[in-house]
Amino acid sequence: TRTLDDLARQSGRYFGSAVDNPELADTEYADLLGREFGSTTPGNAMKWYATEPQRGVFDFTAGDEIVDYARANGLKLRGHTLLWHSQLPDWLSSGTWTKDELRSILKNHITHVVKHYRGKVFAWDVANEIMNEDGTYRENIFYKTIGPGYIADALRWARAADPKVKLYLNDYNVDGLGAKSDAYYALIKQLKADRVPIDGFGLQGHLALQYGLPGGIKENLQRFADLGVDVAFTELDIRMILPADEAKLAQQADWYGQVTSACLAVKRCVGITVWGYSDRHSWIPAVFEGQGAALPWDENLQRKPAYDAIRAAL
Ligand code: XIL
């Protein structure tokens, strides 16, 4: 029987799952991921705290572990992420930097990491979560010190380090139409007009049943595609308030199906990645109290209704 990735491939897409390094020791989990999926994303291994734990001292151990796992299992690999306000090393977030210093720190980081993974990742989330909900720029350390130009800088430095890799912006709460996705639409349009390299827009897709399904997902994907960039769901999960019950699992399945269908309806929607595939390993319970059961496989690696809904939609 065919896997989710086999089905996605029929339309030229991939179906992926994130993986975090400790999960590789769970061989039942890692083996199933390797069989069922066609792409993976490191959950943490390529973040700044992991790759440059001291200024100018790079550590690719964890990231390389994921590269080796992906290669051994025939998985494509998404790089995540070069720049984010969260999970920065202490030396960086607790330092005080001039604009020139921080620009050179950012350039050095991007150059080293992108060069190291050149030919190993097919895409990079160059900048992650750079907008607020109201569509203004998030006041992260880069914005505060460098100004909004840090985004174009980062994209250009990434391109200089790897001429082929797909360069993405990535965020949450941008799956449907709204102020935050409008801001990305305007930004990407401007970057294109300025000839700044930008290849894709990643919709994280961290959804929650209690908040409702965002409106206009397909229209939103299509408008970015029409700007001339690829789009992808990069971190899909659909959480619920625990305990799970039959009705919630049915609604979750319906949403997974709808998100998958929206991607398939848009030619430039290149793939879907779930943020882990089973409730056995998920970031949700640790971060959203009382919530979970967000993934298409349960704690025992048994398929949930969501799995069948994704299959039906692919
Ligand atoms: C999460 C990881 O899954 C956790 O292990 C970690 O503790 C925190 O970060 N958006 C992102 C991801 O872009 O990098 C986050 O990953 C989840 C939210």
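Fair warning: this is a prediction, and the values are worked out from it, not measured in the lab.

**Some details on the overall build of the chain**
Then, number 1: Within the chain, the secondary structure is distributed over 13 helices and 10 strands.
Then, number 2: For 314 residues, the compact-globule estimate of 2.2 N^0.38 gives 20 Å, and the chain sits close to it at 19 Å.
Then, number 3: Principal-axis analysis of the C-alpha atoms places the extent of the chain at approximately 55 × 40 × 40 Å.
Then, number 4: Each of the 314 residues in the chain was classed as buried or not, and the buried ones make up 45%.
Then, number 5: Within the chain, residue pairs in contact and separated by at least 24 positions form 75% of the contacts whose partners lie at least 6 positions apart.

**Comments concerning the pairing of strand S8 (residues 230-241)**
Then, number 1: The element S8 is largely enclosed, with a buried count of 10 among its 12 residues.
Then, number 2: Two elements, strand S6 (residues 200-203) and S8, share four bridges in a ladder whose sense is parallel. Its bridge partner being in S8, Gly200 is matched across the sheet by Asp230.
Then, number 3: Sheet topology places S8 next to strand S9 (residues 269-274); four bridges connect them, and they run parallel.

**Topic: helix H13 (residues 305-313)**
Then, number 1: Of the positions making up H13, those classed as buried are Ala306, Ala309 and Ile310. The arc that holds the buried residues of H13, viewed along the axis, is 100 degrees, so those residues lie on one side.
Then, number 2: Close packing links the buried residues of H13 with helix H1 (4-9) and helix H11 (246-264).

**Considerations on the site of the ligand**
Then, number 1: Residues in contact with the ligand, as listed here, are Asp20, Gly43, Asn44, Asn128, Gln204, Glu235 and Trp283.
Then, number 2: Broken down by class, the residue content of the shell around the ligand amounts to one nonpolar, four polar and two charged.

**A look at the packing of helix H9 (residues 179-193) against helix H10 (residues 217-227)**
Then, number 1: Two elements in contact, H9 and H10, have axes separated by 10 Å at closest approach and are oriented at 10 degrees. On the basis of their axis angle, the class for H9 and H10 is roughly parallel. Contacts between H9 and H10 involve Ser181, Tyr185, Ile188, Lys189 and Lys192 from the first element and Asn220, Arg223, Phe224 and Leu227 from the second.

**A short note on the nonpolar core**
Generally speaking, soluble globular proteins have nonpolar side chains that are buried together.
Then, number 1: Membership of the largest hydrophobic core comes to 86 residues, with the highest contact counts inside it found for Ile110, Trp124, Val126, Ala154, Ala158, Phe201 and Val231.
Then, number 2: With seven residues, helix H8 (residues 150-161) is the largest single contributor of residues to this core.
Then, number 3: Excluding anything up to four places from it in sequence, Val231 contacts Gly200, Phe201, Leu203, Leu221, Phe224, Ala225, Val266, Arg268 and Cys269.

**A short note on the pairing of S6**
Then, number 1: The alternating pattern of S6 places Gly200 and Gly202 and Phe201 and Leu203 on opposite faces, both of which are buried.
Then, number 2: Inspection of the sheet shows strand S5 (residues 166-171) paired to S6 by four bridges, in the parallel sense. Residue Tyr168 lies in a different strand from S6, and its bridge partner there is Gly200.
Then, number 3: The handedness of the S5 to S6 crossover, carried by H9, is right-handed.

**Things to note about the packing of helix H6 (residues 99-116) against H8**
Then, number 1: For the pair H6 and H8, interaxial distance at closest approach is 8 Å and the crossing angle is 35 degrees. Both H6 and H8 take part in a crossing whose hand is right-handed. Across the interface between the two elements, Arg103, Leu106, Lys107, Ile110, Thr111, Val114 and Lys115 of H6 pack against Tyr150, Asp153, Ala154, Trp157, Ala158 and Ala161 of H8.
Then, number 2: Residues of the contact of H6 with H8, tallied by class, amount to eight nonpolar, one polar and four charged.

**Observations concerning H10**
Then, number 1: Taken residue by residue, H10 has Ile217, Asn220, Leu221 and Phe224 as its buried positions. Down the axis, H10 shows its buried residues gathered within 95 degrees of arc, on one side only.
Then, number 2: Residues of H10 that are buried sit in contact with H9, S6, S8, H11 and S9.
Then, number 3: Directly after H10, the chain includes Gly228, whose backbone phi takes a positive value near 100 degrees.

**Focus: the environment of Phe37**
Then, number 1: Structurally, Phe37 is set in the loop between helix H2 (27-36) and strand S2 (39-42).
Then, number 2: You can call Phe37 buried: it has 25 C-beta atoms within 10 Å.
Then, number 3: Placed 21 residues apart in sequence, Phe37 and Gly16 show a C-alpha to C-alpha distance of 5.1 Å.
Then, number 4: The contact partners of Phe37, leaving out residues within four places of it in the chain, are Leu4, Asp5, Phe15, Gly16, Ser17 and Leu75.

**Let's talk about the environment of Leu221**
Then, number 1: In this fold, Leu221 is placed in helix H10.
Then, number 2: According to the C-beta neighbour criterion, Leu221 is buried, with 26 such atoms within 10 Å.
Then, number 3: Along the backbone, Leu221 and Gly176 are 45 residues apart, and their C-alpha atoms lie at a distance of 8.1 Å.

**Re the confidence of the model for the chain**
Then, number 1: Mean pLDDT for the chain: 98, with 100% of residues reaching 70 or above.
Then, number 2: Across the interfaces of the predicted complex, the ipTM metric reaches 0.99, alongside a pTM of 0.98.

Analysis parameters
- Residues numbered from 1 in each chain as written.
- Predicted model: local features only at pLDDT ≥ 70, side-chain atom pairs only at ≥ 80, totals over all residues.
- Helix = DSSP H or I, 4+ residues; strand = E, 2+ residues; numbered from the N terminus.
- Rg over C-alpha atoms; globule rule 2.2 N^0.38 Å.
- Buried ≥ 20, exposed ≤ 12 C-beta atoms within 10 Å, placed from the backbone.
- Contact = placed C-beta atoms within 7 Å.
- Pairing = 2+ DSSP bridges.
- Arc of directions from axis to C-beta.
- Near = placed C-beta within 6 Å.
- Nonpolar A, V, L, I, M, F, W, Y, C, P; charged D, E, K, R; others polar.
- Axes fitted to C-alpha atoms, helices over the stretch in contact; angles between N-to-C directions.
- Parallel < 35°, antiparallel > 145°, perpendicular 65-115°, else oblique.
- Core = buried A, V, L, I, M, F, W, Y, C linked by C-beta atoms within 7 Å.
- Right-handed = clockwise from strand over helix to strand, strands pointing away.
- Left-handed = near helix turned anticlockwise from the far one by under 90°.
- pLDDT = per-residue confidence, 0-100.

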